[in-house]
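# Architecture at a glance
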Amino acid sequence: MKQNLIKQNLITIKNLKKSFGGINALDNCSLEIKKNKITAIIGPNGSGKSTLFHAISHLISADSGEIYLDENEISPNMPDYWIASLGIARTFQDARLFRNLTIQDHLEIALSQNDDSLLKSLFGKKENFDEKIKEILHLVGLNKPLNTLATDLSYGQRKLLDLAAAIAKPHSIMLLDEPVAGVNPVLRNEIKHILKELHKKGETIVIIEHDMNFIMDLVDYIYVFDYGAVIAEGIPKEIQDNKKVLEAYLGD
Amino acid sequence: MIEQYIMSVFIYVCIYIILTLSLNISLGYTGLINLGHIALFGIGAYSSTLLMMNLDLPFIISFLSAGIITSLFGLLLVFATKKLKGDYFALATLGFSFVIYSLLLNLVGLTRGPLGIPGIPKPSFFGITLTTTFSYLLFAIFITALCVFIIYKIVHSPFGRLLQATRDDEIGLRVLGKNTNLLKYKSMMISAFFAAIAGSLFAHYITFIDPTSFVLHEVILLLTMVIVGGIASFKGSIIAPFIIILIPELLRFLSIPSAILGPMRQIIYAFILLLILYYKPRGLFGRVDLA
Amino acid sequence: MVFTQLLINSLIIGSIYALVAAGFSLIYATNKFLHLAHGVCITVGAYLLFLLFTQLNISFPIACILTIILTSLFGLCLYLLIYRPLQKKKTSSVILLIASLGLLILFQNIIQLFFGANVRSLGYLRIEHGLTIFGAIITKLQIIIMCVAILLFIGLLFFMKKTKLGRDMRAVADNKELASIVGINPKKVAIYSFLIGSALAGVAGILIGLEQNMEPTMGTELMIKGFTGAIIGGIGTVAGAIPGSYMLGIAENFGIWYLPSGYKDAIAFILLFIFLLFKPEGLFGVVKGVKE
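This one's a predicted model, so the numbers in the text were calculated from it and none came from an experiment.

### A closer look at the overall build of chain C
For chain C, the helix and strand inventory stands at 11 helices and two strands. Starting at the N terminus and ending at the C terminus, chain C contains elements arranged as α-α-α-α-β-β-α-α-α-α-α-α-α. In terms of principal-axis extent, the alpha carbons of chain C reach across some 55 × 45 × 35 Å. Looking at chain C as a whole, 56% of its 292 residues qualify as buried.

In structure tokens:
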């Protein structure tokens, strides 16, 4: 029975702990991310949401606890780029782009599997991603010329390119850290639409968000964080009526 | 006589084009603030010389082996310093150049120390020996063209693009599944390989090397060339050596005594470096900032 | 007694290194970039004394005071005319480091242009017999060097701990943003750190000019020793740079007990490299700026 449950989960997290100088950023955090669903992680500022993403992608190492991808436990010593290549794509609150590279460069880097080999890169067959790039850019609605440098993009366009790169990168799950933070209402709706499209395609997505209204009609399941622990979980309807959640938000 | 002089200046230009391009691979394209490049140049010069003179290896073999030996030193340098960032990395690479300098000076059994190594044989292959300056110039141009072509291919390949991504945002690249440490190792090895080719070209041309050719003020000259041309600017790294070498050469025609010529040249280099850092930090042809 | 002699030699050269390292660290701590042209301030100090005392025949004490003041102002000019304009353009610390290397080479060669490449000496307090202490020979000048250095260190540490300006400096070193929020003017702190740091370099220049000969490249070598001392002690902590430099002096002098004397400089480079690789925060420093 328990084994079965894990099978439906893409990511299972058990008792994850991380403290920074005595402050618990993650305090015995446990949660499950179901396949083909959108899961939201909400909570006040500093409640450990981003820390969770960093711990999953091994940008920081957790003090204790276990993380499973499918049924396999991820070794805590695995380097971050290795975790990524296991199929975890992610974005950042503040889009991490390559300033001096173009939109096309970003997506080709994300799509390519063997550009880090000098010999393959020089003598191998040239990989052609044009169709895929077109498709992804159409999906996210980033209609700038392909040779636009990242540094010349607006804030919203940067967010879109970051999302596009995560989509392009071969993955089984996407971790999106506040994809609509600081974005204007029009673009906000467009991003919601993109996420719905991705949902339809059967993507597994975890999204960190501040704003309850944004996720209510978008996600399948919600975890509410406070002080690095899950204080409530459920489908959006249940969370909406949960007193503890209101307290955590209002009492802030 | 004047032809000899002009040819010799252009041989230097060739050597510095390779050197500047090779430094731009690590410093400009990959963003490794490498202040130890001159040491790699020196290791290349000494390796090629010693392999040819002590082991009687043919020129071509020594020439290429020097590249491989030096790229291993490059790997050692960047592997040892992999945890250091920014100023600390820069200081460590600067320290590396001091360490190599003092080894060249003190491993007397191998390098003859401050006496230097005279009588380095001229290159010879297929029964031809490059005894005249003109033949050496042709050889230098050929090697330089080959290096320029290969480096062009590397930096404009998908691999070269990853190097630039490493420079711009390492974490952003790692979460896309790329091993940026490995990319840095490879970048430094390629950079060191070509530095050695330049070093070897230098040693077999002037036929005498001693540790003073590989000291601090040479680092300034190299940095000036890379920065004047532009960080990660391929075109800039080819044009800048012409400008930077030819300007002080004009001093020679003003019949300035040689005791003044040396420091004057250094002053000009340092001055150009400071001016470009202030007025045009991206260099003449660059579009990338050194962060 | 070889041991006492080596120990005394270590303390003498350590004092010089520590003077260099203390100034360098003070400037690094408050400005957060590596001012490698600090080395050329030492050379400027030594040659100023040579100019004022040996060539212009100004009396020795006045020449010394002028030298310290002028070197201090020279350092300040580097800051105001070069670094400050670069900082205003939001230049990264790495560019400032490269600029400082450029300045080092620039002024070293300007000095060579005016005074020639050959070795010069001051010809003051030179010919004298050393005293013998525990079987080791030490000259009066060397005793003066150590005393001057130690007095300056005590003064500097007192200044950093007890005066308002010193506390401001430590605040800026610790957290520049926070310091400026509580009303400390970072520019003023930067100016004073260059003045004081360069004055210490001037003193080092005078002492090394008296004890040894001078040549235009002396600053580069001393600079390397100074920042090695600073790295050993923990760069950015003035109080750490001083013992770090004495340790370097000890390592060099006792090292050549075992190694050929040619390796004396190599010892410093290798120590520098080892510390950068394995203990970049130094013995007395905190981990900062090593990782992102």
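Picking up where we left off.
### A short note on the sheet that holds strand 8 (residues 205-209) of chain A
Residues and elements named next belong to chain A. What the six strands build is an open sheet, ordered 6-7-8-3-9-10; its pairing is mixed. Each end of this open sheet is capped by a strand with a single partner; those strands are strand 6 (88-90) and strand 10 (229-234). Each strand of the sheet is rotated relative to its neighbour by a mean of 20 degrees, with strand direction disregarded. Pairing geometry for strand 9 (residues 221-226) and strand 10, over five bridges, is antiparallel. Across the sheet, residue Val224 finds its bridge partner in strand 10, namely Ala232. The sheet contacts of helix 8 (residues 185-200) involve strand 3 (38-42), strand 7 (173-177) and strand 8, and relative to strand 8 the element is tilted by about 155 degrees.

### Let's talk about the interface of chain A and chain B
At the junction of the two partners, chain A supplies 28 residues and chain B supplies 28 residues. Taken over both partners, the interface formed by chain A and chain B buries close to 2600 Å², and the fraction arising from carbon and sulfur atoms is 60%. Contact with chain B buries surface across chain A, with Tyr81, Phe98 and Asn100 of chain A losing the most and accounting together for 24% of the total. In this assembly, chain A and chain B are joined by five salt bridges. At the junction of chain A with chain B, the criterion picks out 14 residue pairs in polar contact (both at pLDDT 80 or more). Those elements giving two or more residues to the side of chain A that touches chain B turn out to be helix 3 (80-85), strand 6, helix 4 (103-111) and helix 5 (118-123) of chain A.

### Looking at the interface of chain C and chain B
Each partner contributes residues to the interface: chain C has 46 residues there, and chain B has 42 residues. A buried area of about 3900 Å², summed over both sides, lies between chain C and chain B, and 80% of it is on carbon and sulfur atoms. Across the chain C-chain B interface, the total number found is two residue pairs in polar contact (both at pLDDT 80 or more). Of all the elements in the fold, those that place two or more residues in the side of chain C that touches chain B are helix 3 (60-88), helix 4 (93-115), helix 9 (218-233) and helix 11 (264-278) of chain C. Residue contributions to the side of chain C that touches chain B peak at 16 residues, all from helix 4 of chain C. Taken together, the residues that form the side of chain C that touches chain B break down as 33 nonpolar, eight polar and five charged.

### Regarding the packing of aromatic side chains
Applying the stated rule across the entire model yields 34 aromatic pairs over all chains. Taken together, a centroid distance of 5.8 Å and an interplanar angle of 70 degrees make the contact between Tyr136 of chain B and Phe139 of chain B edge-to-face. You can see Tyr136 of chain B and its partner Phe139 of chain B sitting in helix 6 (residues 133-155), three residues apart, about one turn around the helix. Here Tyr136 of chain B matches Phe139 of chain B in class, with each residue buried. Lying over the aromatic face of Tyr136 of chain B, Lys122 of chain B brings its terminal NZ or CZ to 5.1 Å of the ring centre. Positioned above the aromatic ring of Tyr278 of chain B, the side-chain terminus of Lys89 of chain C is 4.4 Å from the ring centre.

### Concerning a nonpolar patch on the surface
Residues and elements named next belong to chain B. On the surface, a cluster of nonpolar side chains totalling about 980 Å² of accessible area is made up of Ile2, Ile6, Phe10, Ile239, Phe242, Ile243, Leu246, Ile247, Leu250, Phe253, Leu284 and Phe285. Among the elements of the structure, helix 1 (2-29) and helix 11 (234-249) are those that each provide at least two residues to the nonpolar patch. Here the nonpolar patch takes five residues from helix 11, the largest share from any one element. Looking at where Leu284 falls in the secondary structure, it is placed in the segment after helix 12 (258-279).

### Notes on unusual backbone geometry
All names here are of chain A. Phi angles above zero are rare outside glycine, and Asn15 is one such case at about 50 degrees. Mapped onto the elements, Asn15 comes out in strand 1 (residues 9-20). The partly exposed category is assigned to Asn15, whose relative accessible area is 43%. In the Ramachandran plot, Tyr227 falls in the positive-phi region, its phi being about 45 degrees despite a non-glycine side chain. Relative to the assigned elements, Tyr227 resides in the loop between strand 9 and strand 10. Tyr227 sits in the exposed class, given a relative accessible area of 67%.

### Description of the packing of helix 7 (residues 155-168) of chain A against helix 8 of chain A
Residues and elements named next belong to chain A. With their axes 11 Å apart at the nearest point, helix 7 and helix 8 run at an angle of 10 degrees to one another. Here helix 7 lies roughly parallel to helix 8, going by the angle between them. Judged by residue contacts, Gly156, Leu160, Leu163 and Ile167 of helix 7 engage Leu187, Ile191, Ile194 and Leu198 from helix 8.

### Quick word on the pairing of strand 1 of chain A
Residues and elements named next belong to chain A. Across eight bridges, the pairing between strand 1 and strand 2 (residues 23-34) is antiparallel. Each residue of the ladder has a partner; that of Leu16, found in strand 2, is Cys29. Where strand 1 hands over to strand 2, the hairpin turn is made up of two residues, of which Gly21 adopts a positive phi near 50 degrees. Here strand 1 pairs with strand 4 (residues 64-69) via five bridges, running antiparallel.

### Examining the sheet that holds strand 5 (residues 72-73) of chain A
Residue and element names in this part refer to chain A. With antiparallel pairing, four strands are arranged side by side in an open sheet as 2-1-4-5. Two strands lie at the open edges of the sheet, namely strand 2 and strand 5, each paired on one side alone. Of the strands in this sheet, strand 1, strand 2 and strand 4 touch helix 2 (residues 49-56), which is tilted by about 110 degrees from strand 1.

### Notes on helix 4 of chain A
Across the nine residues of helix 4 of chain A, eight count as buried, placing the element largely inside the fold. Taken as a whole, helix 4 of chain A has its buried residues at Ile103, Asp105, His106, Leu107, Glu108, Ile109, Ala110 and Leu111 of chain A.

### Concerning a positive patch on the surface
All names here are of chain C. Residues Lys161, Lys162, Arg167 and Arg170 make up a contiguous surface patch of positive charge. Among the secondary structure elements, those contributing two or more residues to the positive patch are helix 5 (140-162) and helix 6 (164-174). Within the secondary structure, Arg170 sits in helix 6.

### Some thoughts on the arrangement of the chains
Out of two pairs of chains that touch, the pair holding the most contacts is chains B and C. Chain A makes no contact with chain C; the smallest distance between any of their C-alpha atoms is 12 Å.

### Remarks on the packing of helix 11 of chain B against helix 12 of chain B
All names here are of chain B. In contact at an axis separation of 10 Å, helix 11 and helix 12 are set at 140 degrees when each is read in the N-to-C sense. With respect to helix 12, the element helix 11 is oriented oblique. For the element pair helix 11 and helix 12, the recorded crossing hand is right-handed. Each of Ile244, Ile247, Pro248 and Glu249 in helix 11 lies in contact with helix 12, whose residues at this interface are Arg265, Ile268, Tyr269 and Ile272. Of the residues contributing to the contact of helix 11 with helix 12, the split by class is six nonpolar, no polar and two charged.

### With respect to the side chain of Glu108 of chain A
On the secondary structure map, Glu108 of chain A appears in helix 4. One polar contact links Glu108 of chain A to Arg161 of chain B, side chain to side chain, over a distance of 2.5 Å. For Glu108 of chain A, the residues in contact, after removing those within four places along its chain, are Asp115, Phe129, Asp130 and Ile133 of chain A together with Arg161 of chain B.

### Quick look at the environment of Leu11 of chain C
Residues and elements named next belong to chain C. Looking at the secondary structure, you find Leu11 in helix 1 (residues 2-31). Leu11 gets classed as partly exposed once you look at its relative accessible area, which sits at 30%. Other than its neighbours up to four places away in sequence, Leu11 contacts Met146 and Tyr246.

### Observations concerning the confidence of the model for chain C
Residues and elements named next belong to chain C. Mean pLDDT over chain C works out to 86, with 96% of the residues at or above the 70 mark. Ranking the elements of chain C by mean pLDDT puts strand 1 (residues 131-133) last with 75 and helix 3 first with 93. Across residues 288-292, confidence stays below pLDDT 50; counting only partners more than four residues off in sequence or on other chains, it has 13 contacts. Both scores are available for the predicted complex, with the pTM at 0.90 and the ipTM at 0.88.

Reading guide: rules and limits
- Residues numbered from 1 in each chain as written.
- Chains lettered and ligands numbered in written order.
- Predicted model: local features only at pLDDT ≥ 70, side-chain atom pairs only at ≥ 80, totals over all residues.
- Heavy atoms only, no water.
- Helix = DSSP H or I, 4+ residues; strand = E, 2+ residues; numbered from the N terminus.
- Buried < 20%, exposed > 50% of the residue type's maximum accessible area, 1.4 Å probe, protein only.
- Pairing = 2+ DSSP bridges.
- Axes fitted to C-alpha atoms, helices over the stretch in contact; angles between N-to-C directions.
- Contact = heavy atoms within 4.5 Å.
- Buried area = accessible area lost by both parts, 1.4 Å probe.
- Salt bridge = Lys/Arg side-chain N within 4 Å of Asp/Glu carboxyl O.
- Polar contact = N/O pair within 3.5 Å; in protein donor to acceptor, adjacent residues only side chain to side chain.
- Nonpolar A, V, L, I, M, F, W, Y, C, P; charged D, E, K, R; others polar.
- Phe/Tyr/Trp six-rings, centres within 6.5 Å; stacked < 30°, edge-to-face > 60°.
- Lys NZ or Arg CZ within 6 Å of the ring centre and 35° of its normal.
- Patch = residues over 30% accessible without salt bridge, like charges linked within 9 Å, V, L, I, M, F, W, Y side chains within 5 Å.
- Areas by Shrake-Rupley, 256 points an atom, 1.4 Å probe, with all protein chains shown as cover.
- Parallel < 35°, antiparallel > 145°, perpendicular 65-115°, else oblique.
- Lys, Arg positive; Asp, Glu negative; His and termini not counted.
- Charge placed at Lys NZ, Arg CZ, Asp CG, Glu CD.
- Left-handed = near helix turned anticlockwise from the far one by under 90°.
- pLDDT = per-residue confidence, 0-100.

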